[in-house]
Amino acid sequence: MALPAKVLERLPPELLQQGYGVQVGQRPEPEFPALSLGVAALDEALPDGGLARGAVIEFGIHGAALGTTLSLGACRSLQQAARALGASVPWCAFIDPSGTLYGPGVVAAGIELERLLVVRPPLEALSRVALRIVESGACALTIIDTLGVPGHSLGIDIGAWSRVVRRLSLAVDGTSHSVLLLTDAACPRPLPLPVTQRIELSRPNAGKLSLRVAKDKFGRVSSPRPIAWVRKEPSCEPEQGSLESLGVLRRA
């Protein structure tokens with residue numbers, strides 16, 4: 001529970017510095033830069049200017065293709081940033097239990113396939129496979145799809161994933177790695193998952209996205225924010241600030 005400002009002012013500085021359970025409502029300076037989604041307007045709408053590192057982030061999606069598009073945009077940004085620095089391109093993983101990720105669309109999105117691990121486990125093994133990949137520490141970004149394709153729900157009980165999410169969080173805590181969990185925003189659940197952030201995304205019309213930070217570890221939630229959606233012909237190097245080449249990266 002947050003403490004009144006007057007009480008905080010009277011606390012010894014060493015108590016605040018050593019972190020004895022006292023939170024002052026501000027996030028400490030992140031150790032690693034935020035992970036860009038490759039779309040400037042989306043990054044600007046997020047509290048950290050992109051996706052947090054060392055965290056599990058839930059994308060509550062209205063529309064499966066939208067989740068694939070945006071998560072692969074983060075993968076592309078991660079690879080491009082490494083190439084720009086002359087560093088080795090990091091591995092990303094896409095866990096695709098529905099087996100519907102469309103290879104040519106991934107290539108058109110500018111993803112380096114040689115550094116993208118696509119895993120297609122049976123549904124009963126999804127959580128176990130996700131834990132093994134993330135706990136191995138081999139992938140800088142792991143995308144876990146629980147959505148499937150529009151009109152064909154995978155029927156995953158995401159409400160039962162609390163223990164899995166806690167283990168995923170422990171595995172990436174203090175690292176530069178991130179986990180993106182794609183879930184159905186409309187699916188009821190008894191309790192929210194223990195993720196660092198829950199970002200709800202929808203596409204109200206062809207030219208607009210809507211983004212809302214529904215949960216944040218540091219209380220930085222927001223109302224729905226409209227984001228322009230620009231569509232052009234696919235290309236391998238999309239312009240910063242648009243989603244033109246990502247398109248629909250799923251097949252029914």
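Residues numbered from 1 in each chain as written. Predicted model: local features only at pLDDT ≥ 70, side-chain atom pairs only at ≥ 80, totals over all residues. Heavy atoms only, no water.

**Student:** How should I be thinking about the overall build of the protein chain in this particular structure?
**Tutor:** Check the secondary structure of the protein chain and you find seven helices and ten strands. Per-residue burial over the protein chain gives 46% buried out of 252 residues. In the protein chain, 66% of the contacts between residues at least 6 apart in sequence involve partners at least 24 apart. As displayed, the protein chain offers around 12500 Å² of accessible surface, 54% of which is attributable to carbon and sulfur atoms. (Helix = DSSP H or I, 4+ residues; strand = E, 2+ residues; numbered from the N terminus. Buried < 20%, exposed > 50% of the residue type's maximum accessible area, 1.4 Å probe, protein only. Contact = heavy atoms within 4.5 Å. Areas by Shrake-Rupley, 256 points an atom, 1.4 Å probe, with all protein chains shown as cover.)

**Student:** Before we go on, may I ask you to explain the pairing of strand β7 (residues 178–184) in this structure?
**Tutor:** The two faces of the sheet receive side chains in turn, since in a regular strand these alternate between them. Counting buried positions along β7 gives six out of seven residues, so the element sits mostly inside the fold. Across seven bridges, the pairing between strand β1 (residues 55–61) and β7 is parallel. Following the sheet pairing, Ile61 is matched in β7 by Asp184. In this sheet, β7 lies alongside strand β4 (residues 141–145) in parallel orientation, the contact comprising five bridges. Paired with Thr142 across the strands is Val179, a residue of β7. (Pairing = 2+ DSSP bridges.)

**Student:** Sorry if this is basic, but what is going on with the nonpolar core here?
**Tutor:** Soluble globular proteins tend to bury their nonpolar side chains together. If you look at the biggest cluster of nonpolar residues, it comprises 38 residues, and the most contacted ones within it are Leu42, Leu51, Phe59, Leu141, Ile199, Leu201 and Leu211. Of all the secondary structure elements, the ones that give two or more residues to this core are α3 (40–45), β1, α4 (64–84), β2 (92–95), β4, β7, β8 (197–205) and β9 (208–216). Of all the elements, α4 adds the most residues to this core, at six residues. Setting aside chain neighbours within four positions, we find Leu201 in contact with Leu42, Phe59, Gly60, Ile61, His62, Leu66, Leu70, Ser210 and Leu211. Ranked by size, the runner-up nonpolar core spans 23 residues in total, among them Leu131, Val172, Val179 and Leu193. (Core = buried A, V, L, I, M, F, W, Y, C linked by side-chain atoms within 4.5 Å.)

**Student:** Explain the pattern of salt bridges to me, please; I cannot follow it from the model alone.
**Tutor:** For side chains of opposite charge, pairing can occur when their charged atoms come near one another. A full pass over the atoms with the stated rule returns nine salt bridges. Ionic pairing is found between Arg198 and Glu58, a salt bridge with its closest N-O pair at 2.6 Å. Here Arg198, found in strand β8, pairs with Glu58, found in strand β1; they are 140 residues apart in sequence, far enough to count as distant. The class for Arg198 is buried, based on a relative accessible area of 12%. (Salt bridge = Lys/Arg side-chain N within 4 Å of Asp/Glu carboxyl O.)

**Student:** Mind showing me how you'd approach helix α7 (residues 162–172) here?
**Tutor:** Because the α-helix completes a turn every 3.6 residues, residues three or four places apart line up on one side. Among all positions in α7, only Ser162, Val164, Val165, Leu168, Ser169 and Val172 are buried. Take α7 and look down its axis: the buried residues cluster within an arc of 160°, on one side only. Residues Arg163 and Leu170 are exposed on α7 and point more than 90 degrees away from its buried face. Where α7 is buried, its residues contact β1, α6 (126–136), β4 and β7. Gly174 lies just past α7 and shows a positive phi near 80°. (Arc of directions from axis to C-beta.)

**Student:** Any chance you could explain the sheet that holds β2 here in plain terms?
**Tutor:** The strands that make up a sheet pair up through hydrogen bonds in the backbone, lying either parallel or antiparallel. Judged by pairing direction, the sheet is mixed, and its eight strands sit side by side in the order β3-β2-β4-β7-β1-β8-β9-β10 without closing on themselves. Each of the sheet's edge strands pairs with one partner strand only, and the pair in question is β3 (116–119) and β10 (225–228). Adjacent strand axes in the sheet meet at a mean angle of 20°, parallel and antiparallel pairs treated alike. Relative to β4, α6 is tilted by about 175°, and along the sheet it contacts β2, β3, β4 and β7. On top of the sheet, α7 reaches β1, β4 and β7; it is set at about 135° to β1, its chief contact. (Axes fitted to C-alpha atoms, helices over the stretch in contact; angles between N-to-C directions.)

**Student:** What am I meant to see in the environment of Val129 here?
**Tutor:** Among the structural elements, Val129 can be located in helix α6. Residues within four places of Val129 in sequence aside, it is in contact with Val119 and Pro121.

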